[in-house]
Amino acid sequence: MKPAPFAYHRPTTLGDALEVLSGNADAKVLAGGQSLVPLLSMRLAGPSALVDINAIPGLDTIEVTEAGVRIGALARHADVLAHEGVRRVQPLLPEALSYVAHATIRNRGTTVGSIVHADAAAEMPSVLVLLGGSVEAASTGGTRTIAAEDLFLGPLESTLRPEEIATSAFFPALPAGAGVAFDEIARRQGDYALVGLGAVVDGDSVRASYVSVSDVPTVVDLSGVPDDRLGEVALEHLDPVDDIHATAAYRAQLVRVLTKRVVTKAREAAR
Amino acid sequence: MSAQDTVRHGEQLHLIRLRVNGIGHDVEVPARRLLSDALRHDLGLTGTHVGCEHGVCGACTVLMDGKPVRACLIFAVSAVDAEITTVEGLTEPDGSLSPVQQAFSECHGLQCGFCTPGFLTTITAGLNENPCPTHEEAREMIAGNLCRCTGYQNIVKSVERAAEITQAKEAESA
């Protein structure tokens, strides 16, 4: 379980990092590495080069404004989770982050890295789509903004181009009077969820976003659905699968139970 | 890459300095050398144990600038700017056991001992952050570490006992 050889670059400016990436079609960016290193060790990925961005100053920022929260590429989950301003402006972030792996992994793993890793079993891609956020991507050709709904293509597959670095992610603020909640069921606290979801309730609008139920983060509009039908309506938009961890039937049952639980919690938080 | 870097078996080696337990070590490693392997093989610090090697078991947990991290999920070349503390660096300056080590001894938190280094580093950092954990918080503190003897009850007791020992020591020195 050791990674195959790769060339290693540790640039100290974003410009240098982008320069290396532009000449290396199968290079990968290394930030926290908490998802990437296991893939390399199990040899599920074998990039010819890694561009380690940890020595680039200025990428670990967490900016909070009334419009929302902008998280830099090197901001660790643990720092976002502990940030009081983040909690005030968008409480769904700390709620969901407390379910991201274990505290030890949150100390090194980055929130932006988790998003662009594009794992549908991960919490942050789902939260970004639910909140209608975006990712800022830089390349030697300039920068562009990718809306969350255009970011995820399939399992571990995003529209971020190989020559781009995701420099930050933006999460819009929670509107006044709206409420959020997040919950998931996992075999061991901190492990990948069998099923998880976040919900936003804003007036009559009820939306939920699911984790570990489909190939890409899936947002379901549950506005106007009676409480006893929430899970069934959600399942019309989801296709739970069997795997080594749970049967499809059990996942469907978790969708039913958790959807009602999380929407109720979000409604209470809105009051 | 620096001028001193060499190539072995066709693979680029990197000359790096790792700061571990307060001491700087110059080592030459390939980029793919995991920090856990660099500590064990290149520095001879075999207290850091290697279990699953993909971040699940926590046996390789070390402190990086005081915070617990998985040494198997960090490349040694990526750890050059950090101060690393391994289980060998947890004893008191006079060589006596740290509160967490003493609590493991008193409460039989150590069974076969394989997972122990990861628990000791995790709990040391956890108690720095939360010196008086509740029973639930003590359980949550160790949730990311697996004990293959399933000795969790005594490990949770050790967390609570270590908190008591730390508080008693602080009261003594105050």
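Higher on the page you've got the structure.
From a predicted model like this one, the values you see are computed outputs, not experimental measurements.

(A) Focus on the overall build of chain A. Scanning chain A from N- to C-terminus turns up ten helices and 14 strands. Taking 271 residues into account, the globule formula puts the C-alpha radius of gyration at 18 Å, and chain A, at 19 Å, falls close to it. Among the 271 residues that make up chain A, the fraction classed as buried is 54%. Considering only contacts within chain A whose residues lie at least 6 apart along the sequence, 61% involve residues at least 24 apart. Of the roughly 11,200 Å² of accessible surface on chain A, a fraction of 51% belongs to carbon and sulfur atoms. Each charge sign in chain A was given a centre, from 23 positive and 33 negative side chains, and these centres are 6 Å apart.

(B) Seen up close, helix 1 (residues 14-22) of chain A. All names here are of chain A. All of the buried residues in helix 1 are A17, L18 and L21. Seen end-on, helix 1 carries its buried residues on one side only, within an arc spanning 95°. On the buried face of helix 1, the contacting elements are strand 2 (28-30), strand 3 (49-52), strand 6 (134-139) and strand 10 (165-172).

(C) Examining the sheet that holds strand 4 (residues 62-65) of chain A more closely. Residue and element names in this part refer to chain A. The five strands are arranged 4-5-10-6-7 in an open sheet whose pairing can be described as antiparallel. Strands with a single pairing partner mark the edges of an open sheet, and in this sheet they are strand 4 and strand 7 (142-147). Sheet twist, expressed as the average angle between the axes of neighbouring strands with direction ignored, equals 20°. The pairing of strand 6 with strand 10 spans five bridges and is antiparallel. Across the sheet, residue V135 finds its bridge partner in strand 10, namely A169. In this fold helix 8 (residues 123-131) packs onto strand 6 and strand 10, with an angle of close to 55° to the strand it touches most, strand 10.

About the cut-offs
Residues numbered from 1 in each chain as written. Chains lettered and ligands numbered in written order. Predicted model: local features only at pLDDT ≥ 70, side-chain atom pairs only at ≥ 80, totals over all residues. Heavy atoms only, no water. Helix = DSSP H or I, 4+ residues; strand = E, 2+ residues; numbered from the N terminus. Rg over C-alpha atoms; globule rule 2.2 N^0.38 Å. Buried < 20%, exposed > 50% of the residue type's maximum accessible area, 1.4 Å probe, protein only. Contact = heavy atoms within 4.5 Å. Areas by Shrake-Rupley, 256 points an atom, 1.4 Å probe, with all protein chains shown as cover. Lys, Arg positive; Asp, Glu negative; His and termini not counted. Charge placed at Lys NZ, Arg CZ, Asp CG, Glu CD. Arc of directions from axis to C-beta. Pairing = 2+ DSSP bridges. Axes fitted to C-alpha atoms, helices over the stretch in contact; angles between N-to-C directions.

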